[in-house]
Amino acid sequence: MLELRHLRSLIAIADSGKLASAAERVHLTQSALSHQIRNVEAHFSMALFQRTPGGLRFTAAGERLLRLARETIAAVGEAERDLMRLRDDQRGQLRIVLECHTCFDWLMPVMDEFRRRWPEVEVDLVAGFHADPMGLLDADQADLVIGAAPTPRRGRITAPLFRFEILAVLPNDHRLRSKRRLSAEDFAGETLITYPVPEERIDLIRQVLQPAGIQVERRTTELTVAIMQLVASRRGVAALPNWGVKNYVDYQYVTAKPIGPHGLWSELHATALEPLMQRPFAQDMLAIIRERCAATLDGIALLGAR
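Residues numbered from 1 in each chain as written. Predicted model: local features only at pLDDT ≥ 70, side-chain atom pairs only at ≥ 80, totals over all residues. Heavy atoms only, no water.

Caption draft 1: The overall build of the protein chain, seen in detail. A count of helical and extended segments in the protein chain gives eleven helices and twelve strands. With the principal axes as the frame, the protein chain shows a C-alpha extent of 65 × 50 × 30 Å. Each of the 306 residues in the protein chain was classed as buried or not, and the buried ones make up 46%. When contacts within the protein chain are restricted to residue pairs at least 6 apart in sequence, long-range pairs at least 24 apart make up 75% of them. About 16,000 Å² of surface is accessible on the protein chain, with carbon and sulfur atoms providing 50% of the total. (Helix = DSSP H or I, 4+ residues; strand = E, 2+ residues; numbered from the N terminus. Buried < 20%, exposed > 50% of the residue type's maximum accessible area, 1.4 Å probe, protein only. Contact = heavy atoms within 4.5 Å. Areas by Shrake-Rupley, 256 points an atom, 1.4 Å probe, with all protein chains shown as cover.)

Shown next, in the form of structure tokens:
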């Protein structure tokens, strides 16, 4: 009765805590996932979950199957990688460029897991800020770019990762702290603290301020913690991904607000040249990113394949 798809569903539910998010991870509708779980419960005549205000909680029976799921899926993945190694030489390199520099927060654990799975592949980060990250692919100075979806081009493949919300970051005593959401006009007269990247790569400027005819002064720094320190000391405001500001907001170091009536959302994609994207270790890197980020980053939504 138990199949790998059931075990993957259990892991997705455990990592997300909600059926809707879990269904998205395993590429099912919520009703299809619910039906799948009911079938397993009916087979064993035991409930696997209890519904609580905080989400789904595993029963003792559910916890036992979850342990089986994690052990089995990990073993299957390891066996599949071993078979790939027996079939083909999987040695190589993976030089990663980040357009989204707050991605460092979640990329380090992803790289550690990748090194564990693929010790024969040399993985590294291409340091610094780059005006044209995609150009590094063509110049053979990088292998994988994580950032916005580029203009389609023959020879490149772009894989969707997830979408996330960008929040305005304010000092705790800022004049706008009582507003529920910020509009473009709220940024007039403010200094915007950003990473040292071109304006066309800053979502707040490109999607919100420029269409409204709002111009702001910019101050740049390379470190997220430096941006937060400048905001907290009333030197300006910022706009950063939700995962990049969460800890600072939780510790009441700064205040974060949604931008616009529906929020300001952006997407992360991974782009590489076609030969690399066809290699198993590159595909596994993308799978690790999606799995780990879905399990650890609040407020993101995985993007389906295009």
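Caption draft 2: Region of interest: the layout of surface pockets. In this structure, the largest pocket spans a volume of roughly 1,100 Å³. What lines the largest pocket is a set of 31 residues, among which R8, I73, R117, A287 and E291 lie closest to the centre. Secondary structure elements with two or more residues in the lining of the largest pocket: α1 (4–16), α4 (60–87), α5 (104–117) and α11 (280–296). Counting residues per element, the lining of the largest pocket draws most heavily on α11, which supplies ten residues. For the lining of the largest pocket, the class distribution of residues is 15 nonpolar, three polar and 13 charged. Around the second largest pocket sit 32 residues that line it, and E99, C100, R201, I202 and D203 are the ones nearest its centre. Those elements that place two or more of their residues in the lining of the second largest pocket are α6 (133–138), β6 (156–170), β7 (191–194), α7 (203–209), β9 (238–241) and β11 (264–273). Broken down by element, the residue count for the lining of the second largest pocket peaks at four residues, all from β11. A class-by-class count of the residues in the lining of the second largest pocket yields 18 nonpolar, seven polar and seven charged. (1 Å grid on protein atoms, 1.4 Å probe; cavity = no way out; pocket = protein on both sides within 12 Å on 5 of 7 lines; lining within 4 Å. Points joined across faces, edges and corners; volume = space filled by probe spheres on them. Nonpolar A, V, L, I, M, F, W, Y, C, P; charged D, E, K, R; others polar.)

Caption draft 3: Quick peek at the pairing of strand β3 (residues 92–98). Burial within β3 is extensive, with five of its seven residues counted as buried. Note that β3 and strand β4 (residues 121–125) share five bridges and pair parallel. By the bridge assignment for β4, L94 is matched with V123. Here β3 pairs with strand β5 (residues 144–147) via three bridges, running parallel. In the sheet register, I96 faces β5, and the bridge partner there is L144. (Pairing = 2+ DSSP bridges.)

Caption draft 4: Representation of the packing of aromatic side chains. By the definition in use, this model includes eight aromatic pairs. Geometrically, the ring pair formed by F114 and F281 is edge-to-face, given 6.5 Å between the ring centres and 65° between the ring planes. Linking F114 in helix α5 with F281 in helix α11, this pair joins segments that are 167 residues apart in sequence. Classification of F114 as buried rests on a relative accessible area of 0%. Aromatic side chains F162 and F164 sit 6.3 Å apart centroid to centroid with 65° between the ring planes, which places their arrangement in the edge-to-face category. Under the relative-accessibility criterion, F164 is labelled buried at 4%. Through a chain of ring-to-ring contacts, three or more aromatic side chains come together here, namely W106, F162, F164 and W243. (Phe/Tyr/Trp six-rings, centres within 6.5 Å; stacked < 30°, edge-to-face > 60°.)

Caption draft 5: Quick peek at the environment of P241. With respect to the helices, strands and loops of the structure, P241 is situated in strand β9. P241 sits in the buried class, given a relative accessible area of 8%. On a C-alpha basis, the gap between P241 and H101 in space is 10.0 Å, while along the polypeptide they are 140 residues apart.

Caption draft 6: A look at the side chain of E190. Along the chain, the position of E190 falls in the loop between β6 and β7. Since its relative accessible area comes to 12%, E190 is described here as buried. A distance of 3.0 Å separates polar atoms of two side chains, one belonging to E190 and the other to R175. (Polar contact = N/O pair within 3.5 Å; in protein donor to acceptor, adjacent residues only side chain to side chain.)

Caption draft 7: Representation of the environment of E122 in the model. Among the structural elements, E122 can be located in strand β4. Through-space distance from the C-alpha of E122 to that of T102 is 23 Å; in sequence the pair is 20 residues apart. Excluding residues that lie within four positions of it along the chain, E122 makes contacts with G92, Q93 and L94.

Caption draft 8: Representation of the pattern of salt bridges within the structure. Overall, the coordinates contain 20 salt bridges when judged by the stated rule. Between E291 and R117 there is a salt bridge, and its shortest N-O distance comes to 3.8 Å. Taken together, the residues span a long stretch of sequence, with E291 in helix α11 and R117 in helix α5 at a distance of 174 residues. Given a relative accessible area of 35%, E291 falls into the partly exposed group. With a shortest N-O distance of 3.0 Å, E190 and R175 are connected by a salt bridge. Note that E190 is positioned in the loop between β6 and β7 and R175 in the loop between β6 and β7, a separation of 15 residues in sequence. A network of salt bridges, in which partner residues are shared, links R81, E113, R116, R117, D284, E291 and R292. (Salt bridge = Lys/Arg side-chain N within 4 Å of Asp/Glu carboxyl O.)

Just geometry here; none of it tells us what the structure is for.
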